[in-house]
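Coordinate analysis (summary)
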There are 4 protein chains.
Amino acid sequence: MNESFANVPLQWVGPVALTGPEINVTTELPLATYETPLFASVNRGARVATASGGIKAVVIDERMSRSVLFEAPDAIIALQCLEKIRADFVNLGEVVKGTSRFAKLIDHHAQIAGNLLFIRFEFTTGDASGHNMVTQASEALMSHIIERCSELKYESLSGNFCSDKKATGVNGILGRGKYVIAELTIPEKLVRTYLKSTPEKIVQLNIRKNLIGTMLAGGLRSANAHYANMLLAFYLATGQDAANIIEGSQGITHAEVRDGDLWFSVTIPNLIVGSVGNGKGIPFVEDVLSKLGCREDREPGANARRLALICAASVLCGELSLMAALTNPGELMDAHRKLERS
Amino acid sequence: MNESFANVPLQWVGPVALTGPEINVTTELPLATYETPLFASVNRGARVATASGGIKAVVIDERMSRSVLFEAPDAIIALQCLEKIRADFVNLGEVVKGTSRFAKLIDHHAQIAGNLLFIRFEFTTGDASGHNMVTQASEALMSHIIERCSELKYESLSGNFCSDKKATGVNGILGRGKYVIAELTIPEKLVRTYLKSTPEKIVQLNIRKNLIGTMLAGGLRSANAHYANMLLAFYLATGQDAANIIEGSQGITHAEVRDGDLWFSVTIPNLIVGSVGNGKGIPFVEDVLSKLGCREDREPGANARRLALICAASVLCGELSLMAALTNPGELMDAHRKLERS
Amino acid sequence: MNESFANVPLQWVGPVALTGPEINVTTELPLATYETPLFASVNRGARVATASGGIKAVVIDERMSRSVLFEAPDAIIALQCLEKIRADFVNLGEVVKGTSRFAKLIDHHAQIAGNLLFIRFEFTTGDASGHNMVTQASEALMSHIIERCSELKYESLSGNFCSDKKATGVNGILGRGKYVIAELTIPEKLVRTYLKSTPEKIVQLNIRKNLIGTMLAGGLRSANAHYANMLLAFYLATGQDAANIIEGSQGITHAEVRDGDLWFSVTIPNLIVGSVGNGKGIPFVEDVLSKLGCREDREPGANARRLALICAASVLCGELSLMAALTNPGELMDAHRKLERS
Amino acid sequence: MNESFANVPLQWVGPVALTGPEINVTTELPLATYETPLFASVNRGARVATASGGIKAVVIDERMSRSVLFEAPDAIIALQCLEKIRADFVNLGEVVKGTSRFAKLIDHHAQIAGNLLFIRFEFTTGDASGHNMVTQASEALMSHIIERCSELKYESLSGNFCSDKKATGVNGILGRGKYVIAELTIPEKLVRTYLKSTPEKIVQLNIRKNLIGTMLAGGLRSANAHYANMLLAFYLATGQDAANIIEGSQGITHAEVRDGDLWFSVTIPNLIVGSVGNGKGIPFVEDVLSKLGCREDREPGANARRLALICAASVLCGELSLMAALTNPGELMDAHRKLERS
């Protein structure tokens, strides 16, 4: 039984040119999904991106979080304990160091609700996405804290203020995973030839569908057409914990007409990826990561950031392609019908 | 290239006994994920569930949606057109019938923002999850409407009020996918022996972590520990479009102590699954669906509902097991450490 | 003690011209608030609106809701009871008629979470905002239902799925209060002279601040600069329950450049106002409502809708004025400093 | 015209005993609202609170925010500028000092979306709620920054990431206004005699209605029955900008049965109040503030915190009273009917 696998179709599309402070590469993009029409869609985006001079991408921030939960007798004591914990922050950092070579405590945020004390610890975790590393670190932190604050009782190693694989506001606001932005400028002429659209139409659609439409749907920190599709496919191709597409899907597409051309960007504040960890030892994953140049001998974190930047480029290509298609009545269904027949 | 696959580890866990108005079966649960510690966790939940007399599950509602987007000159005209469209609703149903044997228009909801008219059409789609079916139907509806309302212009076949694979409020409130609830009662003694916990501890943790913790995180229609993990694994094992775990993850765990025993439930309002469609033709998927009894000759929709019920049971087993583990300081990390070493 | 009052400064600003399917008037706008700089701001908006040919406004929908909450033994029984209640919907309408001359049951929506059954009843309530009317009707409905569904137990006359005076998604999606849109077109030249801005600047600011900025803030169905200020002032001036500015504040500003001119709109899906009911018998309120023409002998509901349209016009004037001011670095603070000194 | 006022009925209810690290007082509570049944409801809560030994309340945090918005050429430059601004943070503090005796810059948080840079500056503002103070400080900060980062252009003095008077997630997570918790323990016997209920019933209702019900409604960081009503009434009675009840309403009621008694708490993370500033010079407001002991000669901020604590006590009394009433079928409407007839 253990030898059984779900075989998800995998393809490399592109290539796409990608530059930024931490990257300068032309690479194909690996995608694995049952929704195979996605391959052609991302491929179109990659082709027009490369023809336009390529994509620029940058990591704005990175961290992984875990929120522990204590019970206090009341709010006043919860606050007193929180103040004591804050005064002890340097020691907390030492506790974390003792749990892992790579985990480093960089910040925290707290909430008190009645007698409940939630502390969200934030770490860098090297090249791992870091779920297990921060759980292990938080376990040690809880022990350390409870020894020093006898009024606090253990309630949970995770208090959902983390927040893992859930549609919440906290991650985008406080950070979880890589915060990545990818952008490009496409000359008006190439918008017409490759995308059968115009800069004006794509910008207008983005405002009406992604910004206003999502808002009407009660969307939470989300304004895009389908980041989730590209994230899933890239995650499955690279051995990621694909349940994290939930946070990843909460991103914002922003586009403008600049001197008649199309400037187009994807902002993904919670892109949780790693180049080491669970799933990364499976042979095909090792191959994919190596091919992407994410198994090089770099400082801790650099391989994972590279992976995040390539992932963001994949998201941009797929988002651009679908947005263009939607400006053409009929194109979307035609494409689906053709691809599914073949 | 087309012959390449992402090989995601797949296991059958359980078995679990499952009953309800539409199901009566004892079945193993198929899960495929890179996060292999999940297998043991769901398995524990399945064992205690079966020892307790099994899970009851029911489909509350089912529908698939697509929201089209029109531009009107102003709000007054948008409203006039909407009223005209509503008066023509019977004919819209006929238009939909012409696009598919299985799609049936059952309801609609509209939003007007300034001059923009969003109409969310809601359909039943037989045994398919229905993404493509409702897109095709909506394309025909847009053509039909634009012919009759000359003031309306096409803006987008999808206006994000649908809302597909995004963290929003609309799907839970108006419905998208199967709305499924699974529940069970576990005698106090079995909570102790199988789960190393007590009914009181699990109920208290659910209030503090899933309800209050998620609320503090700015959660949107979400109060659970990790539905996303089970959904991903079940979706990959059964050929589903796993990007729909985003809506699926927005569910609510509710537990109570009843006569000293534990009553535990998972409510999943947006469980998007199909037993036919994209991904279902892959050989291992066909095997899995057959083994689950979801390829039988039933009325349209019955196989998909059966699949949804089994999926909900998987979610319940995994949720229960993690919640119990979190009531025990240290158990969570011990389990991870042991499983990852093996 | 009962003779004591909070004296909130009240001013009439404008006048503004206002037309639509249900209104055709030129009227001053009554505003009461401690934040007196608002008077000048709304006044500026009213002046440019009138100079531009006036505001058009329309009521898209109207209803008031109350969600009752029942406890069932389990989800399967909850669903059976819900189906029984739905089959009995005509009789529920009769029950409601027996509680009030004006309350009319028009729709309902339900949610089941585990063993909990929430039913959101939706009513028209004549010229009253309707809080008390729907509470009274819902009390009768609960009694009627419990008599017929012996498995259901009373849990609460309000289950927060209503949802009253809270930041939620349900009201905008299902409706609560008047759903009103107000819009106007301002010639480019008047944008320059009255508002010291340009159509392009105001449109760009709306995208960046109201749409993207609010999204980043984790906003929920909200994309505006300060609807709450105008709503509060109008509500206090007209005897409304001003705690309903919470739902009211969740609205969307949408603007476009059209042929070089500025088209500007406010969409307020949850504007809860009444021309009769609590607070309306206070002498100054009676005067204000009479002056606005909202105490005429019309069909039930028409006076309240007229009031909602005038309120929406106030919101538009204030929103437009602040948005224009923000496009000018320094203007905002200058205005505040000047007004507060005077 | 300037001499006109909206006369909102004002009453003092209570008294209530209130203690905590910063307060020790027995005081009546001032409330002004058109919804006069509220007076009796809060009064009942105050009576049972005092009979139970009083309320404890504490300020967890305090700050006021304004988010400025810059346009950058692209995301990479936006990040470079942000890093430069962060390195200059000490000087930003000096800039703020130059704008006000009371404003003090204490923290900041940033978001980049495509080419847009939002910086949320956070300040303490003495005894003022601080809206104008932080706007003035932010204006100076923008000038300072633009002089040093020539690539940045002014877009808006407020970018809605603040976020003022809107239903968002950011304020609860990052802080805005006073973060206050009030709590008390009511002996089981007094729950029965004063509130005609039991601790178990109130705790259960809180879980089902405030936590689960609000979650189903798509609530955002909100789990309470009606904070908004008490906030409005207290704000109008004390000269506050009552549009800030929107953030204020986003709070959490948490209750537990402890040794058979009722422990009940209200957590209000965004209580925006001041004892000086707009509205505070009106004679009746001066009287009210003096009577509450909020015009004493204390260190800056202490009067405003005292006011916040008393406000939170008012919220607790009203919340408790309504929750108890809802556990009794019929009591709510009876109370309304009686009070409105009188």
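Located above this text is the structure these notes cover.
Residues and elements named next belong to chain A. Closest axis-to-axis distance for the helix α8 (residues 227-237)/helix α11 (residues 302-326) pair is 9 Å, and the angle between their directions is 140°. Relative to α11, α8 is oriented oblique. Crossing hand, α8 versus α11: right-handed. Two secondary-structure elements touch here, α8 through Tyr227, Met230, Leu231, Phe234 and Tyr235 and α11 through Leu307, Ile310, Cys311, Ser314, Val315, Gly318 and Glu319.

The two copies are related by a screw operation: chain D maps onto chain B through 180° of rotation and 0.0 Å of translation along the axis, at an RMSD of 0.0 Å. Look at the turn and shift together and you get a two-fold axis relating the two. Of all interface residues in chain D, 100% are interface residues in chain B too; the two copies therefore contact each other through one and the same surface.

Our focus in this paragraph is the relation of the copies chain B and chain A. When chain B is fitted to chain A, the best match, at an RMSD of 0.0 Å, comes from turning it 180° and sliding it 0.0 Å along the axis. A share of 100% of the interface residues of chain B reappears at the interface of chain A, consistent with the copies meeting face to face through the same patch.

In this section: the interface of chain D and chain B. When the parts come together, some accessible area is lost, and that loss is often what is quoted as the size of the interface. Contacts between the two partners involve 19 residues from chain D and, on the opposite side, 19 residues from chain B. Carbon and sulfur atoms supply 71% of the area buried between chain D and chain B, which totals about 1600 Å² over both sides. Of all residues in chain D, Leu211, Met215 and Leu216 of chain D give up the largest surface area on contact with chain B, accounting jointly for 36% of the area buried on that side. Taken together, the links from chain D to chain B amount to four residue pairs in polar contact (both at pLDDT 80 or more). Examining the composition of the side of chain D that touches chain B, we find that eight residues originate from one element, helix α7 (residues 199-216) of chain D, more than from any other. Across the side of chain D that touches chain B, the residue classes tally to ten nonpolar, six polar and three charged.

For the rest of this paragraph, the subject is the packing of aromatic side chains. Under the definition given, this model contains zero aromatic pairs over all chains. Lying over the aromatic face of Trp12 of chain B, Lys291 of chain B brings its terminal NZ or CZ to 4.0 Å of the ring centre. Above the plane of the ring of Trp263 of chain C lies Arg258 of chain C, whose end atom (NZ or CZ) is 4.2 Å from the centre.

Definitions and limits used
- Residues numbered from 1 in each chain as written.
- Chains lettered and ligands numbered in written order.
- Predicted model: local features only at pLDDT ≥ 70, side-chain atom pairs only at ≥ 80, totals over all residues.
- Heavy atoms only, no water.
- Axes fitted to C-alpha atoms, helices over the stretch in contact; angles between N-to-C directions.
- Helix = DSSP H or I, 4+ residues; strand = E, 2+ residues; numbered from the N terminus.
- Parallel < 35°, antiparallel > 145°, perpendicular 65-115°, else oblique.
- Left-handed = near helix turned anticlockwise from the far one by under 90°.
- Contact = heavy atoms within 4.5 Å.
- Least-squares fit on C-alpha atoms with pLDDT ≥ 70 in both.
- Buried area = accessible area lost by both parts, 1.4 Å probe.
- Polar contact = N/O pair within 3.5 Å; in protein donor to acceptor, adjacent residues only side chain to side chain.
- Nonpolar A, V, L, I, M, F, W, Y, C, P; charged D, E, K, R; others polar.
- Phe/Tyr/Trp six-rings, centres within 6.5 Å; stacked < 30°, edge-to-face > 60°.
- Lys NZ or Arg CZ within 6 Å of the ring centre and 35° of its normal.

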